[in-house]
Amino acid sequence: MREEADAVRVAFATRDGEVEVDATVEPAEELCGSGLFTDLAEASEFFRLGHRGLSPNAGGTHLDVLELSAPAWKVTAGRPCTVRSSFFEDPDRFPPGSAVLDSALVMRGVAAEWSQGAALRVGCGAGAGAA
């Protein structure tokens, strides 16, 4: 992670080297070119309300839950300069053109905390109970 006045860069790779991500975003005055959101306020509210992420565990038995808490939520528009994701660029996972970057948001100077939520079971009859 590198944060400067004129750009934010996030780059990482999984321990097994299977997935690599590298993205650089510059600040922008407004959200432009989004096919999903009409403006910055709509995009911000979508992500504020969608503060919970789900990811299947290695065994496929449950979904791990990660939650973002940022009481003073504030994002600004960004302009993607370079974006690379080996996961989304893998044609076996996503046929060409099926996973396309829509827009970029930047959150700076906001106190935030990530926490692990209760895992969700996967499969028929699993309901919303913890694993």
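Residues numbered from 1 in each chain as written. Predicted model: local features only at pLDDT ≥ 70, side-chain atom pairs only at ≥ 80, totals over all residues. Heavy atoms only, no water.

Visitor: What is the right way to read the overall build of the protein from this model?
Guide: Across its full length, the protein carries one helix and eight strands. When the backbone C-alpha atoms are referred to their principal axes, the protein occupies close to 45 × 35 × 30 Å. Counting all 131 residues of the protein, 21% fall into the buried class. Sequence-distant contacts in the protein: of pairs separated by 6 or more residues, those separated by 24 or more amount to 61%. With the model as given, the accessible surface of the protein reaches about 9,300 Å², and the carbon-plus-sulfur share is 55%. Once the 11 positive and 20 negative side-chain charges of the protein are each reduced to a mean point, those two points are 4 Å apart. (Helix = DSSP H or I, 4+ residues; strand = E, 2+ residues; numbered from the N terminus. Buried < 20%, exposed > 50% of the residue type's maximum accessible area, 1.4 Å probe, protein only. Contact = heavy atoms within 4.5 Å. Areas by Shrake-Rupley, 256 points an atom, 1.4 Å probe, with all protein chains shown as cover. Lys, Arg positive; Asp, Glu negative; His and termini not counted. Charge placed at Lys NZ, Arg CZ, Asp CG, Glu CD.)

Visitor: Explanation requested: the sheet that holds strand 3 (residues 20–27) in the structure shown.
Guide: Sheets are built from strands paired through backbone hydrogen bonds, the pairs being either parallel or antiparallel. The five strands lie next to each other as 1-2-3-6-7, forming an open sheet whose pairing is antiparallel. On the outer flanks of this sheet lie strand 1 (2–4) and strand 7 (104–106), each paired with one strand and no other. With direction set aside, neighbouring strand axes in the sheet form an average angle of 25°. Two strands pair when backbone bridges link them, and strand 2 (residues 7–13) and strand 3 are joined in this way by six bridges, in the antiparallel orientation. (Pairing = 2+ DSSP bridges. Axes fitted to C-alpha atoms, helices over the stretch in contact; angles between N-to-C directions.)

Visitor: Teacher, can you tell me more about the sheet that holds strand 5 (residues 62–69) here?
Guide: With antiparallel pairing, the three strands of this open sheet are ordered in space as 4-5-8. Where the open sheet ends on each side, the last strands, each with one partner, are strand 4 (52–56) and strand 8 (113–121). Taken over all neighbouring pairs, the strand axes of this sheet differ in orientation by 25° on average, direction set aside. Alignment of strand 5 against strand 8, held across seven bridges, turns out to be antiparallel. Its bridge partner lying in strand 8, leucine 66 is registered against glutamine 116.

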